[in-house]
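Fold and geometry: a report
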Amino acid sequence: MTNIKGKVALITGASSGIGAAAALKLAAAGVKVGIAARRVDRLGALKAEVTKGGGEALVLEMDVVDPASVAAGVKKLAGAYGSVDILCNNAGVMPLSDVDQLQTSEWHQMVDVNVKGLLNTTAAVLPHMIEQHSGHICNVSSIAGRKVFKGLSVYCATKHAVAAFSDGLRMEVGQKHNIRVTCIQPGAVRTELYAHITDAGYRQQMEDLAQQMKFLEGSDIGDTLLFALQAPAHVNVAELFVLPTEQGW
Ligand SMILES: NC(=O)c1ccc[n+]([C@@H]2O[C@H](COP(=O)([O-])OP(=O)(O)OC[C@H]3O[C@@H](n4cnc5c(N)ncnc54)[C@H](OP(=O)(O)O)[C@@H]3O)[C@@H](O)[C@H]2O)c1
């Protein structure tokens, strides 16, 4: 097993849901976590929770869409802890609607956060990993990165992009730089993701879904992340497709 105690991680989208749960899991395993998002009040509360559990966390106000904000956050993290060993690219948005509704600003937001944001953080962290000739990048894609669903056309496009980029990145940096790349593809997880859907019909559909089955918790994906990180150094867990048992699609 890879011992991750003392390693330094950057977790994006750590202010809620999967990112916050992953931060707690990693911190409990002895990882120093750089917790990044725009809502710093939430990050402050998470830091307090990490500290209470005996862990170490650094709050990073970061908009992943803005390369300068990302670079500043990574610089602060590396400055505080000396390195960045793990990157969990988790920040994402899912404002669903049918394409014929032409919600173009929401399409752009999904591309900007889910794809360009992930590229921005990867670009900022990669030089640190290349320099130390080790690292692990975990990208949170989705079941929507494997299949396409009605109403999720643009979201699916972004999550397919994350899956494709992850596999290409793995091929390019594994052998050359000793950096592992994992793509995590969750099914339905109980988080705030659906609360931001502006289309009333789709928001209701997602709320109904939550009544029909037991969703995964963010902590389940935190455990998935730990599994990949703690695999022996010669093992690259490239993809993890994790679903609620009751999810029949
Ligand atoms: N929930 C599910 O069913 C599910 C299933 C498969 C995959 N996923 C993926 O899991 C990831 C986490 O989502 P979640 O379900 O945990 O939802 P969530 O609770 O809504 O969390 C989304 C996170 O992304 C952050 N974020 C959004 N825009 C950002 C920006 N411009 N810059 C920095 N951070 C930003 C948010 O922080 P701030 O608003 O504070 O910036 C928040 O912390 C996403 O990539 C999502 O697509 C979720």
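First, a word on scope: everything that follows refers to the structure included in this document. Per-chain numbering applies: the sequence of each chain, read as written, is numbered from 1 onward. This being a predicted model, a pLDDT of at least 70 is required before a residue's local features are given, and a value of 80 or more before pairs of side-chain atoms are given or counted; all residues contribute to the totals for chains, interfaces and linings. The basis for every side-chain value is the complete set of non-hydrogen atoms in the structure, without hydrogens or water.

**Overview of the site of the ligand**
- A single heavy atom is enough: if one lies within 4 Å of a molecule or strand, its residue is considered near that molecule or strand. The local shell around the ligand holds 31 residues, among which Ser15, Ser16, Arg38, Tyr155 and Thr191 are the closest.
- In protein, a polar contact means a hydrogen-donor-capable atom and an acceptor-capable atom, both N or O and within 3.5 Å, with residues adjacent in sequence counting only if both atoms are side-chain atoms; elsewhere, any N or O pair within 3.5 Å suffices. Residue glycine 13 places a main-chain N or O atom 3.0 Å away from an oxygen atom belonging to the ligand.
- Contacts to the ligand include valine 64, whose backbone N or O atom sits 3.0 Å from a nitrogen atom.
- A helix here means a DSSP run of H or I that spans at least four residues, while a strand means a run of E at least two residues long, and both kinds are numbered starting from the N terminus. Counting only elements with at least two residues in the shell around the ligand, the list comes to helix 1 (17-28) and helix 5 (153-177).
- Three categories are distinguished: nonpolar for Ala, Val, Leu, Ile, Met, Phe, Trp, Tyr, Cys and Pro, charged for Asp, Glu, Lys and Arg, and polar for the others, with Gly belonging to the last. Looking at side-chain class alone, the shell around the ligand contains 16 nonpolar, 10 polar and five charged residues.

**Thoughts on the pairing of strand 5 (residues 135-140)**
- Relative accessibility under 20% of the residue-type maximum defines a buried residue, over 50% an exposed one, and the middle range a partly exposed one, all with a 1.4 Å probe and only protein chains included. Where burial is concerned, most of strand 5 is hidden: six out of the six residues are buried.
- Residues Gly135, Ile137 and Asn139 point to one face of strand 5 and His136, Cys138 and Val140 to the other, with burial holding for every one of them.
- Examined bridge by bridge, strand 4 (residues 86-89) and strand 5 share four bridges and lie parallel to one another. Residue pairing across strands places cysteine 88 opposite cysteine 138, the latter belonging to strand 5.
- With the strands pointing away from the viewer, any crossover whose connection runs clockwise from the first strand over the helix to the second is right-handed. The parallel pair strand 4 and strand 5 is bridged by helix 4 (residues 104-132), and the resulting crossover is right-handed. At least two DSSP bridges between two strands are needed for those strands to be called paired.

**Brief notes about the environment of isoleucine 184**
- Mapping isoleucine 184 onto the fold places it in strand 6 (residues 179-186).
- Judged by its relative accessible area of 1%, isoleucine 184 is buried.
- Spatially, the C-alpha atom of isoleucine 184 lies 23 Å from that of histidine 128, the residues being 56 residues apart in sequence.
- Those residues in contact with isoleucine 184 that lie beyond four places of it in its chain are Asn139, Val140, Ser141, Ser142, Ile221, Thr224, Leu225 and Leu240. Any two residues having at least one pair of non-hydrogen atoms within 4.5 Å are treated as being in contact.

**Some words on the pairing of strand 1 (residues 8-12)**
- In terms of burial, strand 1 is a largely internal element, five of the five residues being buried.
- Here strand 1 shows no split at all, with Val8, Leu10 and Thr12 on one side and Ala9 and Ile11 on the other all buried.
- Of the strand pairs in this sheet, strand 1 and strand 2 (residues 32-37) are connected by five bridges, and their pairing is parallel. From the neighbouring strand, threonine 12 faces strand 2, where its bridge partner is alanine 36.
- Following the chain from strand 1 across helix 1 to the adjacent parallel strand 2, one finds a crossover that is right-handed.
- The sheet contact formed by strand 1 and strand 4 spans three bridges and is parallel. Pairing of leucine 10 across the sheet is with leucine 87, part of strand 4.

The analysis is restricted to geometry; functional conclusions fall outside its scope.
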